[in-house]
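# Understanding the architecture of this molecule
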Amino acid sequence: MLKQNTFATCTQPPRDKSQLVAIKPTYVMQGKASKKELDIYHLILAPTHACNMRCKHCYLSDQAEQLLPKEEALRLVDEFSQMVLNERGHYGGIFHVKGGEPFVVPYLWDIADRLAELKTLHFMITTNGTFAEDEIFQRLNKYNKALEGNLTVIVSLEGPTKETDAILRGEGHFEKALSFLEGLQDNEINFHLNCVLHKQNIDYISEYVDFAKKYGATQVNFLNFVPRGRGSALNELQLSHVELYEKLQQLYEASDEQGKNLLSGSLPHVIHDASCGTCKLSNECVAAYRGLFYIKPDGSVFTCPNIASKEFAIGNICQQSLRNISDNLTTLYEQIKPCSASCVCTGEKILYEKTEDMKNIQSLNGLMSIPKASGSVGNPRVSYCFNRNW
């Protein structure tokens with residue numbers, strides 16, 4: 001399996017197109033606060049919300065089968081590729097397909113073909129892991145080689161046992177996901193695990209990390225449960241933000257080096273990096289930073305999945321070029337003002353303010369009490385995605 005390492009660093013990636021940005025197995029979404037741009041550009045495309053599952057916590061209110069036209073998706077690959085080449089260099093950006101479920105997208109492999117032809121972007125897929133056919137693994141293996149190892153699959157699994165996973169995903173998902181993970185492992189495909197944490201699985205996070213080690217994952221993304229869409233009916237499962245952080249901090253401190261690498265991008269990892277003196281924490285997340293896009297099936301473009309309501313759209317790829325749309329990020333940044341407090345997700349904050357959810361506003365503000373480590377004088381202030389709903 002791939003060597004454990006940290007995907008992003010506090011140094012500026014090379015701008016020269018002849019240079020390659022080092023792509024590592026783990027990934028931290030971050031950017032310098034002074035420049036308001038990501039170190040590694042990240043475009044998240046949801047070409048459809050259609051899905052073969054109906055998970056209880058899904059943030060989509062339905063799984064409508066609207067599909068972004070194939071020609072628009074392929075044009076998007078070309079435009080993002082050119083932007084990344086000009087501003088970040090080869091493999092200095094991630095083209096990330098999610099959904100819904102990406103393996104129900106009829107032109108998924110056309111996107112992969114285009115990416116393999118260009119050899120400029122890292123390819124990322126987030127899936128529920130229920131499509132464990134040999135043909136899929138053969139294709140992933142082929143594209144991973146064509147992209148020089150720049151392929152990452154993220155598998156959603158909500159617990160280290162079938163009982164814990166079934167709470168949100170239902171019976172039978174766990175067994176299918178295991179077969180999928182084994183296929184990825186057999187084909188040496190780099191993969192991460194996403195796990196939404198709530199009151200009924202929080203006590204299994206140590207076992208989850210052990211599970212990840214066993215199956216060869218290179219990163220575990222423990223995600224805070226945000227009650228949206230279908231998940232709005234599960235408010236009783238939600239953990240307070242401070243409790244979630246404290247549990248993850250305990251896990252991080254007790255982990256060996258491999259375990260800490262698996263937790264790359266988590267809030268404990270972010271604060272630990274700052275305490276090492278390599279950078280300073282800024283007082284904002286990366287919302288509205290240049291290079292961060294989330295695109296819905298109708299072509300509407302947002303800055304991230306947590307800020308995806310109509311009033312925060314910055315354009316539509318069916319009507320405008322991605323480059324022109326990206327120029328609207330500066331205006332959006334002023335609109336959402338993501339610098340309210342350290343270690344706070346702007347998207348969650350906006351959601352709770354719109355719904356007048358004072359309980360969650362107070363819960364989110366509780367993170368302000370967490371001591372923030374500062375790096376050495378002269379080091380750049382770095383912003384992170386703390387929620388990581390990608």
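See the structure shown above.
Residues numbered from 1 in each chain as written. Predicted model: local features only at pLDDT ≥ 70, side-chain atom pairs only at ≥ 80, totals over all residues. Heavy atoms only, no water.

### Here we look at the side chain of N128
Relative to the elements of secondary structure, N128 occurs in the loop between β4 (122-127) and α3 (134-146). Residue N128 is classed as buried on the basis of its relative accessible area, which comes to 5%. A polar side-chain atom of N128 sits 2.9 Å from a polar atom in the side chain of N52. (Helix = DSSP H or I, 4+ residues; strand = E, 2+ residues; numbered from the N terminus. Buried < 20%, exposed > 50% of the residue type's maximum accessible area, 1.4 Å probe, protein only. Polar contact = N/O pair within 3.5 Å; in protein donor to acceptor, adjacent residues only side chain to side chain.)

### Comments concerning the side chain of T130
Relative to the helices and strands, T130 is located in the loop between β4 and α3. With relative accessibility at 16%, the residue T130 sits in the buried group. Reaching out from T130, the side chain makes a polar contact with the side chain of N52 at a distance of 2.9 Å. A distance of 2.7 Å separates polar atoms of two side chains, one belonging to T130 and the other to N128.

### Some thoughts on the packing of helix α12 (residues 346-354) against helix α13 (residues 358-365)
Relative orientation and spacing of two packed helices are given, respectively, by the angle between their axes and the distance between those axes. Taken N-terminus to C-terminus, the directions of α12 and α13 make an angle of 155°; their axes are 8 Å apart at the nearest point. The orientation of α12 with respect to α13, classified from their angle, is roughly antiparallel. The chirality of how α12 crosses α13 is left-handed. Note on element contacts: α13 touches α12 through N360, I361 and L364, opposite E348, K349, Y352 and E353. For the contact of α12 with α13, the residue count by class is three nonpolar, one polar and three charged. (Axes fitted to C-alpha atoms, helices over the stretch in contact; angles between N-to-C directions. Parallel < 35°, antiparallel > 145°, perpendicular 65-115°, else oblique. Left-handed = near helix turned anticlockwise from the far one by under 90°. Contact = heavy atoms within 4.5 Å. Nonpolar A, V, L, I, M, F, W, Y, C, P; charged D, E, K, R; others polar.)

### A closer look at the environment of A212
Tracing the backbone shows A212 in helix α6 (residues 205-215). Between the C-alpha atom of A212 and that of F191, which follows or precedes it by 21 residues, the distance is 9.9 Å. Aside from chain neighbours lying at most four places away, what touches A212 is L193, A217, V220 and L262.

### Describing unusual backbone geometry
Following G99, the chain continues into G100 via a peptide bond in cis, with omega recorded as 10°. As for its placement among the helices and strands, G100 is situated in the loop between β3 (93-97) and α2 (108-118). Phi at E148 is positive, roughly 60°, even though this residue is not glycine. Counting through the fold element by element, E148 comes out in the loop between α3 and β5 (151-156).

### Brief notes about the pairing of strand β9 (residues 290-295)
The element β9 is largely enclosed, with a buried count of six among its six residues. Looking at chain direction, strand β2 (residues 37-45) and β9 are connected through five bridges and run parallel. Among the inter-strand pairings, I44 is bridged to a residue of β9, identified as Y294. In this sheet, strand β10 (residues 300-302) lies alongside β9 in antiparallel orientation, the contact comprising two bridges. In the sheet register, I295 faces β10, and the bridge partner there is V301. Taking the residues that link successive antiparallel strands as the turn, the β9-β10 hairpin has four residues, and the phi of G299 there is positive, at about 90°. (Pairing = 2+ DSSP bridges.)

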